[in-house]
Amino acid sequence: MNYEFFIAKRIIGSKAYKSSISAPIIKIGIAAIAIGIVVMMIAIATGIGLQQKIRDKVVAFNGHVTITKYDSNNSQESVSPISKNQDFYPKFKAVTSVSHVQGVASKFGVIRTETDFEGVYLKGVGADYNWSYFKEFLLEGELPDYTQNRNEEVLVSQYLANRLHFKVGDKFQMVFAKDDPEKIPNIITYHVKGIYNSGFQDLDAQYIIGDIRHLQRINRWEKDQVGHFEVFISDYNSLDETAAQIHQNISSLLDSQTITDRYYSIFEWIKIFDKNIYGIIGIMILVAGINMITALLVLILERTRMIGVLKTLGSSNWGIRKIFIYNAAYLILLGLFWGNILGLGLLYAQKYFKLFPLDPSVYYVSEAPVYISLGYIIALNIGTLILCLLMLLVPSYIITKISPVKAIRFD
């Protein structure tokens, strides 16, 4: 054990240290570190949590990449069919990061009840549809089964169910207009198999999920024709790279579009969260560092006589500075300890008890989601410790200006 660490340890453990004039300032410094780490953890956990939750909701309805025909159709409705006989379906072997491909179609229709009506898109899906996202969204009933014969089971959002007073098992008619307005529209009677809530009200209000074979019949498509393909990838962080590979490995008659391009405004909005996180981290570390600088200066002032004695005994300026930096490091670690306890407690409480709700019409989620990862927690603690210690190097330089003679006489 070197003597600087030994002296720092003796100072920390002494009763006089805990009841000294600097004790309140030291407690404020510890509290600043603890509060800073709590705020930073919450900012990162909720910021990344919101980004992932919103992203997953949009992906659930569209996939990561959409493959369509080149045409002038900019609506949500499928107009030009695509054959399933493609090299990339059902397994996209040319691009290994693609995890799933599914053929879907959508058509606008009007839900008609005895007292009300609502215009929505019926999203037609088949046996290849990935229900993993909607298992999480399901509130009541069951997911439809389209692996057997064509059926009239549909999945309706809670938003539409509340507006139209639907319950699981209820039946309703949906009217699909034909290209020729003079012809009688197609009318299909559906029954509600399940009710879901993605929390993304803009999409929940637009879609119900049904059997794609109804749309194939209405549009007079072949059994192997779909409106477009939805492609899911295994790593969202490589979306742009994977999308470029997908585009290179599909027919020249087909076009591909990423989810970030299709919903540009939403993904640009959630990118702002990163700037907010960096800003909060910077401010909190600055505030914590300033409080620790104040505490260090008070400690130096309080122990000026000790500094003079150590210098008289031959201690170097750097050795004495290390004593106070060790002391400050202990205070920072103490603040980090309590900050982590409190921060993780709040995050897990939010994760399991949903203490803080959000307005889904603004944030697309009904409660603040949290992302908890050991990686960012460790990085945040190490980064805070290092940056605060670096900030303390400058004020500790004042020790070099203390004269041993004056310091011993200091009162």
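Structure shown above.
Anyway, here's the lowdown on the structure attached to this text.

Calculation rules
Residues numbered from 1 in each chain as written. Predicted model: local features only at pLDDT ≥ 70, side-chain atom pairs only at ≥ 80, totals over all residues. Heavy atoms only, no water. Helix = DSSP H or I, 4+ residues; strand = E, 2+ residues; numbered from the N terminus. Polar contact = N/O pair within 3.5 Å; in protein donor to acceptor, adjacent residues only side chain to side chain. Axes fitted to C-alpha atoms, helices over the stretch in contact; angles between N-to-C directions. Parallel < 35°, antiparallel > 145°, perpendicular 65-115°, else oblique. Left-handed = near helix turned anticlockwise from the far one by under 90°. Nonpolar A, V, L, I, M, F, W, Y, C, P; charged D, E, K, R; others polar. Buried < 20%, exposed > 50% of the residue type's maximum accessible area, 1.4 Å probe, protein only. Salt bridge = Lys/Arg side-chain N within 4 Å of Asp/Glu carboxyl O. Patch = residues over 30% accessible without salt bridge, like charges linked within 9 Å, V, L, I, M, F, W, Y side chains within 5 Å. Areas by Shrake-Rupley, 256 points an atom, 1.4 Å probe, with all protein chains shown as cover. Pairing = 2+ DSSP bridges. Core = buried A, V, L, I, M, F, W, Y, C linked by side-chain atoms within 4.5 Å. Contact = heavy atoms within 4.5 Å.

### Some thoughts on the side chain of Ser 198
Then, number 1: Tracing the backbone through its elements, the reader meets Ser 198 in the loop between β8 (186-196) and α6 (201-204).
Then, number 2: Engagement of the side chain of Ser 198 in a polar contact is seen with the side chain of Asp 204, the distance being 2.6 Å.

### Overview of the packing of helix α3 (residues 23-62) against helix α12 (residues 317-353)
Then, number 1: With their axes 7 Å apart at the nearest point, α3 and α12 run at an angle of 40 degrees to one another. The angle between the axes of α3 and α12 places the two elements in the oblique class. Remark: the crossing between α3 and α12 carries right-handed chirality.
Then, number 2: For the contact of α3 with α12, the per-class residue count stands at 18 nonpolar, four polar and no charged.

### Brief notes about unusual backbone geometry
Then, number 1: A cis geometry characterises the amide bond from Tyr 89 onward to Pro 90, with omega recorded as 0 degrees.
Then, number 2: Along the chain, Pro 90 falls in the loop between β2 (82-83) and β3 (98-112).
Then, number 3: Unlike most non-glycine residues, Arg 220 shows phi in positive territory, near 60 degrees.
Then, number 4: The class of Arg 220 is exposed, set by a relative accessible area of 76%.
Then, number 5: For Tyr 364, which is not a glycine, the phi torsion comes out positive at approximately 70 degrees.
Then, number 6: Relative to the helices and strands, Tyr 364 is located in the loop between α13 (360-363) and α14 (374-393).
Then, number 7: On the basis of relative accessibility, which here comes to 13%, the residue Tyr 364 falls in the buried class.

### Focus on the environment of Ile 11
Then, number 1: By the secondary structure assignment, Ile 11 is in helix α1 (residues 3-13).
Then, number 2: Accessibility expressed as a relative area gives 6% for Ile 11, which makes it buried.
Then, number 3: Sequence separation between Ile 11 and Leu 393 is 382 residues; the distance between their C-alpha atoms is 19 Å.

### Examining the pattern of salt bridges
Then, number 1: Scanning all chains against the criterion turns up nine salt bridges.
Then, number 2: The salt bridge involving Glu 77 is made with Lys 107; its shortest N-O contact spans 3.2 Å. Here Glu 77 is found in the loop between β1 (65-69) and β2, whereas its partner Lys 107 is found in strand β3, with 30 residues between them in sequence.
Then, number 3: You can call Glu 77 partly exposed: its relative accessible area is 22%.
Then, number 4: Residues joined in a network through salt bridges with shared partners are Glu 142, Glu 153 and Lys 193.

### Description of a nonpolar patch on the surface
Then, number 1: On the surface, Leu 374, Ile 378, Ile 382, Ile 386, Leu 387 and Leu 390 cluster together into a nonpolar patch covering about 570 Å² of accessible area.
Then, number 2: In this fold, Leu 374 is placed in helix α14.
Then, number 3: Its relative accessible area of 63% is what places Leu 374 among the exposed residues.

### Looking at the pairing of β1
Then, number 1: When β1 meets strand β11 (residues 228-233), the two strands line up antiparallel, connected through three bridges. Across the sheet, the residue bridging to Thr 66 is Glu 230, located in β11.
Then, number 2: Two elements, β1 and strand β12 (residues 254-258), share five bridges in a ladder whose sense is antiparallel. Paired with Ile 67 across the two strands is Ser 256, which belongs to β12.

### Here's the deal with the nonpolar core
Then, number 1: Of all hydrophobic cores here, the largest spans 71 residues; its most connected members are Phe 134 and Phe 172.
Then, number 2: When residues in this core are grouped by element, the largest group, six residues, is from α3.
Then, number 3: With near-sequence residues (within four places) excluded, Phe 134 lies in contact with Ala 60, Phe 61, Tyr 129, Leu 143, Leu 155, Tyr 196 and Ile 209.
Then, number 4: Counting 39 residues, the second largest nonpolar core, distinct from the first, contains Ile 30, Met 284, Leu 296 and Ala 328.

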